[in-house]
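Summary of the model geometry
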Amino acid sequence: GFEAIGDAFAAAFDGLPRMGGALAIRVDGRSVVDLWAGSADARIDRPWERDTPSVVFSCSKGLMSILVARLVASGRVDLDSPLAALWPEFGQHGKDAVTVGDALAHRAGVPALSVDLTTEDLLDFDRVAALLAAQEPLWKPGEAWAYHALTHGWISGEIVHRASGRPAAVVFREMAELLGADAWLGLPPERAGSAAHLFVGPTLQGLVAQQAAQRSPGVVDWGDRAMTLGGALPPTLVGEAEGFNMPAVQSAVIPGAGVVATARAVAALWSATVAETDGVRLLDDQTVVAATRERTAGAPFFDAPPPWPRWGAGFQLDSEARRYLGPSSFGHDGAGGQVA
């Protein structure tokens, strides 16, 4: 009954010889679609295989939000308590009142850092977290929002670390292992070189060039800083041997964009938030309701044309900007056309 999805998936590859990808769908916990096709690395004619993982970019935020929601369910995190109660250092410069839920909903006021980071800095989770804690907010926290494209990951990662007492990468892997899912927050050495090699398509290249041309000299482009951290990453997130194509970056703990996973793993993790999946349920119904309450909607702090997304506690909600299955749906999208 799902043959039409297979046809649509196949048609997406027409005329795109370098493209590779995978699609996995579960209904009521049961796998109904499991497809893969194309190239995992066009430079060496490596085909996309059943177990090919990829950097899932901002889909990582959604997966980290599942992890935080599990800590909510266990009573170790309160979405409506100040983030500084868990992470005291974050309370600097008036950030002491921002709640955990608002921080996850992109309302913390720190979508970017004012200091320039190097790639070496990016690999040091604790260093970036400390800089984020010390960062002065760009608006009064809680009163506006802007997409925390990468800094969201150090927020969610520190929530998990402080609430569980263990590194976020370890807690994440334990969650994935419950479902036998090939998903890692920091690709392990034994899987080095297995991730798909990413290339930048013409649409993104054109957008980055357009944004660069529109910048005013002497005016800080906070949107660009949110994506590049002042030089640690290219504006396109990847290059031939840059950004998230670098083995060192793939193996680092970058929770806002750096999870490496297969489509099958991501589908299983999301399925288990709402239905028993391979004998596992990750979230209960009450926790799902609390984590998906709308916390952010409407125009962002930095001027941007509509439509605008909606957010719960780190979960992307159905909106004109990102349509999901229905009004109660939640998930997350990411660069490269990914969505979960």
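In case you missed it, the structure is sitting above this.
Parameters at a glance
Residues numbered from 1 in each chain as written. Predicted model: local features only at pLDDT ≥ 70, side-chain atom pairs only at ≥ 80, totals over all residues. Heavy atoms only, no water. Core = buried A, V, L, I, M, F, W, Y, C linked by side-chain atoms within 4.5 Å. Buried < 20%, exposed > 50% of the residue type's maximum accessible area, 1.4 Å probe, protein only. Helix = DSSP H or I, 4+ residues; strand = E, 2+ residues; numbered from the N terminus. Phe/Tyr/Trp six-rings, centres within 6.5 Å; stacked < 30°, edge-to-face > 60°. Lys NZ or Arg CZ within 6 Å of the ring centre and 35° of its normal. Pairing = 2+ DSSP bridges. Contact = heavy atoms within 4.5 Å. Axes fitted to C-alpha atoms, helices over the stretch in contact; angles between N-to-C directions. Parallel < 35°, antiparallel > 145°, perpendicular 65-115°, else oblique. Left-handed = near helix turned anticlockwise from the far one by under 90°. 1 Å grid on protein atoms, 1.4 Å probe; cavity = no way out; pocket = protein on both sides within 12 Å on 5 of 7 lines; lining within 4 Å. Points joined across faces, edges and corners; volume = space filled by probe spheres on them. Nonpolar A, V, L, I, M, F, W, Y, C, P; charged D, E, K, R; others polar.

It is worth spelling out the nonpolar core at this point. One finds L63, L83, W154, F172, F244 and L282 to be the most contacted residues of the largest nonpolar core, which totals 78 residues. Of the residues forming this core, the biggest block, nine residues, is contributed by helix α2 (residues 59-73).

With that out of the way, let us pick up the packing of aromatic side chains. This structure, assessed with the given rule, holds ten aromatic pairs. Where W139 meets F302, the ring centres are 6.5 Å apart and the plane angle is 75°; that geometry is what we call edge-to-face. With W139 in the loop between α6 (125-134) and α7 (151-164) and F302 in the loop between α13 (285-291) and β9 (310-311), this pair connects stretches of sequence that are 163 residues apart. Among the aromatic residues, those joined into a ring-pair cluster are W139, F301 and F302. For the cation-ring pair, R18 lies above F199, with the distance from its terminal atom to the ring centre recorded as 3.8 Å. Residue placement shows K95 over the ring face of F90; its charged tip is 4.9 Å from the ring centre.

Taken together, three strands build an open sheet; the order of strands is β4-β8-β5 and the sheet is antiparallel. The sheet terminates laterally at β4 (54-55) and β5 (183-184), the two strands that pair on one side only. Relative to strand β8 (residues 260-261), β5 is paired through two bridges, and the arrangement is antiparallel. Bridge assignment links A183 to a residue of β8, and that residue is A261.

In this fold, A146 is placed in the loop between α6 and α7. Given the relative accessible area of 6%, A146 is considered buried. Residues A146 and R323, spaced 177 residues apart in sequence, show a C-alpha to C-alpha distance of 20 Å. In this structure A146 touches H106, P111, W139, F301 and F302, once residues within four positions along its chain are discounted.

Most peptide bonds take the trans form, and the phi angle of most residues other than glycine is negative. Residue P306 is joined to P307 through a cis peptide bond whose omega torsion reads 0°. You can see P307 is positioned in the loop between α13 and β9. If you check the backbone angles, D28 has positive phi at about 50° while not being a glycine. Given a relative accessible area of 72%, D28 falls into the exposed group. Of note in this structure, F57 is not a glycine but carries a positive phi near 50°. Mapped onto the secondary structure, F57 falls in the loop between β4 and α2.

What follows deals with the pairing of strand β1 (residues 20-27). In this sheet, strand β2 (residues 30-41) lies alongside β1 in antiparallel orientation, the contact comprising eight bridges. Of the residues in β2, the one forming a bridge with I25 is V33. Taken together, β1 and the strand that follows it, β2, pair antiparallel across an intervening segment of two residues, in which D28 is found at a positive phi of about 50°.

This part takes up the sheet that holds strand β3 (residues 46-47). Within the open sheet, the three strands sit side by side as β1-β2-β3. Their pairing is antiparallel. Both outer strands of the open sheet, β1 and β3, are each paired with one neighbouring strand and no more. In the packing of helix α12 (residues 263-274) onto the sheet, the strands contacted are β1 and β2, and the crossing angle to β1 comes to about 25°.

At their nearest, the axes of α2 and α7 sit 10 Å apart, and the two run at 25° to each other. When the axes of α2 and α7 are compared, the pair comes out roughly parallel. In the packing of α2 onto α7, the handedness of the crossing is left-handed. Only H152, S156, G157, I159, V160, A163 and S164 of α7 make contact with α2, whose side of the interface consists of K61, M64, S65, L67, V68 and L71.

Right, let's get into the layout of surface pockets. Within this model, the second largest pocket holds a volume of roughly 220 Å³. Lining the second largest pocket are 16 residues, with A192, G193, N245, P247 and Q250 positioned closest to its centre. For the lining of the second largest pocket, a count of residues per class yields seven nonpolar, six polar and three charged.

Attention shifts here to the pairing of β2. In terms of strand pairing, β2 meets β3 through two bridges, oriented antiparallel. Following the sheet pairing, D41 is matched in β3 by R46. Turn length for the β2-β3 hairpin, with the two strands adjacent in sequence and antiparallel, is four residues, and the turn residue D45 shows positive phi of about 55°.

From the geometry alone we can't say anything about function, so treat these as descriptive.
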